[in-house]
Amino acid sequence: MATAFKSADILLPQNTDMEKWAVVACDQYTSQPDYWYDVEKLTQNSKSALELILPEVFLEDKDVEQRIDKIHNNMKDYLDSCTFKEHKDSIIYIERIQSDGKMRAGIVGKLDLEGYSYQKGSKTPVRATEATVVERIPPRIKVRCGAEIELPHIMILIDDREKSVIEPLEQRKAEMESVYSFELMKNGGTISGYKLTKAMQEQVFEALDKLADIDTFNEKYGLDESSPLVFAMGDGNHSLATAKEFYEQLKRENPDKDLSNHPARYALVEIVNLHSPALEFEAIHRIVTDIDRNKLLDDLTDSLKLSEEKSEQKIQIVLDGVAKDMYIHAPSSKLTVGSLQNFIDGYLQKNDGKVDYIHGIDVINQLSMDKKSVGFILPDMCKEELFPTVICDGALPRKTFSMGHAEDKRFYIEARKITE
């Protein structure tokens, strides 16, 4: 087995209301705290993954340290009270029925962080697909430091055009142990999980090894690379980067200790085939708030030479819920999102305001009603461009694309111990 993906000792809750246990990824609804307050009400007096994660909408609150301490205490309590059943050396096959009715299949196991780098231009088998904001890592490490377990919302993509790794498992569910099946809260669809047999695990590893074969890789992309890109980040970029940095920090602090088998060397992830028909790439839009509208728009027009005359790079500027098409004539990136993001980053370094990243156009329309806010709607990216672009150009600008709507993101279900 040559790839970075391996079986894991997976923790699953037992004797628990799974509909209240599973909650959506912490990096969703970051401009909608009411969503998370509603989840708190729904899970009240029930064991829930909500008690083990920090929704990022609260990351800058004054009581964030107390929240983190409580998360760590809850983890210890859940372990001590036998909330979890441990499934040793396991891979779980998942079928997620999304809110649109489409089925997205995946497999959950652990990823070796020794084979991953989030640095732009890296040649590791596991790579970031978009720029990693290193300033976002330290506050997330505070959550991981002192945590006894991890819960993943990380989704990793494989470019398996022959559908050789995950898809064959659909016809073999009768041979697997069913470990959960339930409805997800707040329009999240439904999800079912099945534990692979050892023979199935070996077939998965063999298929992944073929994807990692350098000759096959180079022939597929018409390249002459020395190392293959096998696993590309889909969702949870900063969560995987946090796991990596935490592990590297652990090694720096313990230079004389052998950490090759330490649980923190790995991160629990879900692998999904890029070619799943349920997987649709959508643009991630921008809302810039607490700004002087006129100044931002004047600077934007001047910097990117915006006009209504058509060009290859088109954005929609949203004011008071009304979108207007504008075209960039002085791009700073090959991608529209890159040109806009470069401007926003530069503007916010010199002026008041903040930017948030929004998946739904309706949310952009709503938030743009504020007189101190401007929304930007961006074009979608073709998913078949992902692997070739990352291989040749390195990571894309951050928040370039999203895979589906917020309610269809990964929900926290599985967990894994990360301490010895």
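Residues numbered from 1 in each chain as written. Predicted model: local features only at pLDDT ≥ 70, side-chain atom pairs only at ≥ 80, totals over all residues. Heavy atoms only, no water.

Student: How would you sum up the layout of surface pockets? Please name residues and give values.
Tutor: Taken as a whole, the largest pocket encloses approximately 1,200 Å³ of empty space. Breaking the lining of the largest pocket down by element, the ones donating at least two residues are helix 4 (137–144), strand 16 (285–289), strand 20 (354–358) and helix 10 (361–367). At five residues, the largest contribution of residues to the lining of the largest pocket is made by strand 20. In terms of residue class, the lining of the largest pocket is made up of 14 nonpolar, eight polar and 13 charged. (1 Å grid on protein atoms, 1.4 Å probe; cavity = no way out; pocket = protein on both sides within 12 Å on 5 of 7 lines; lining within 4 Å. Points joined across faces, edges and corners; volume = space filled by probe spheres on them. Helix = DSSP H or I, 4+ residues; strand = E, 2+ residues; numbered from the N terminus. Nonpolar A, V, L, I, M, F, W, Y, C, P; charged D, E, K, R; others polar.)

Student: Now, about the side chain of Gln 28: what can you tell me, with residues and values included?
Tutor: Tracing the backbone through its elements, the reader meets Gln 28 in the loop between strand 3 (23–24) and helix 2 (33–42). A relative accessible area of 4% places Gln 28 in the buried class. When near neighbours in sequence (up to four residues on either side) are disregarded, Gln 28 contacts Trp 36, His 359, Ala 406 and Lys 409. (Buried < 20%, exposed > 50% of the residue type's maximum accessible area, 1.4 Å probe, protein only. Contact = heavy atoms within 4.5 Å.)

Student: So what's going on with the packing of aromatic side chains? Residues and values would help.
Tutor: Tallying each qualifying case throughout the model produces 12 aromatic pairs. With a centroid separation of 5.4 Å and an interplanar angle of 80 degrees, the aromatic rings of Tyr 35 and Trp 36 are classed as edge-to-face. A network of ring pairs unites the aromatic residues Trp 21, Tyr 78 and Phe 84 as a single cluster. Of note, Lys 47 hangs over the ring of Tyr 78, and the distance from its end group to the ring centre comes to 5.9 Å. In this arrangement the basic side chain of Lys 110 is found over the ring face of Tyr 266, its NZ or CZ atom lying 4.1 Å from the centre. (Phe/Tyr/Trp six-rings, centres within 6.5 Å; stacked < 30°, edge-to-face > 60°. Lys NZ or Arg CZ within 6 Å of the ring centre and 35° of its normal.)

Student: Just give me the short version of the nonpolar core, but keep the residues and values in it.
Tutor: Core analysis: the largest hydrophobic core is formed by 48 residues, its most contacted members being Trp 21, Trp 36 and Tyr 180. Listing elements by their share of this core, those giving two or more residues are strand 2 (8–13), helix 1 (18–21), strand 3, helix 2, helix 3 (64–80), strand 5 (92–97), strand 11 (177–183) and strand 23 (411–412). At five residues, helix 3 tops the list of elements feeding residues into this core. Among all residues touching Trp 36, those that are not within four sequence positions of it are Val 24, Ala 25, Cys 26, Gln 28, Tyr 29, Leu 50, Ile 53, Pro 55, Val 57 and Phe 58. (Core = buried A, V, L, I, M, F, W, Y, C linked by side-chain atoms within 4.5 Å.)

Student: Which residues make up the pattern of salt bridges, and what are the values?
Tutor: Taken as a whole and judged by the stated rule, the model has 30 salt bridges. Residues Glu 280 and Lys 102 are paired through a salt bridge, measuring 2.4 Å at the closest nitrogen-oxygen approach. Taken together, the positions of Glu 280 in the loop between strand 14 (266–273) and strand 15 (281–283) and Lys 102 in the loop between strand 5 and strand 6 (103–112) put the pair 178 residues apart, joining distant regions of the chain. One continuous salt-bridge network, built from bridges that share partners, spans Glu 114, Lys 244, Glu 248 and Lys 251. (Salt bridge = Lys/Arg side-chain N within 4 Å of Asp/Glu carboxyl O.)

Student: Before we move on, could you go through the environment of Pro 263 and cite the residues and values that matter?
Tutor: Structurally, Pro 263 can be placed in the loop between helix 7 (237–253) and strand 14. What makes Pro 263 buried here is its relative accessible area of 18%. When the C-alpha atoms of Pro 263 and Glu 420 are compared, they prove to be 6.8 Å apart, with 157 residues separating the residues in sequence. Leave out the neighbours within four places in its chain, and Pro 263 touches Arg 416, Lys 417, Ile 418, Thr 419 and Glu 420.

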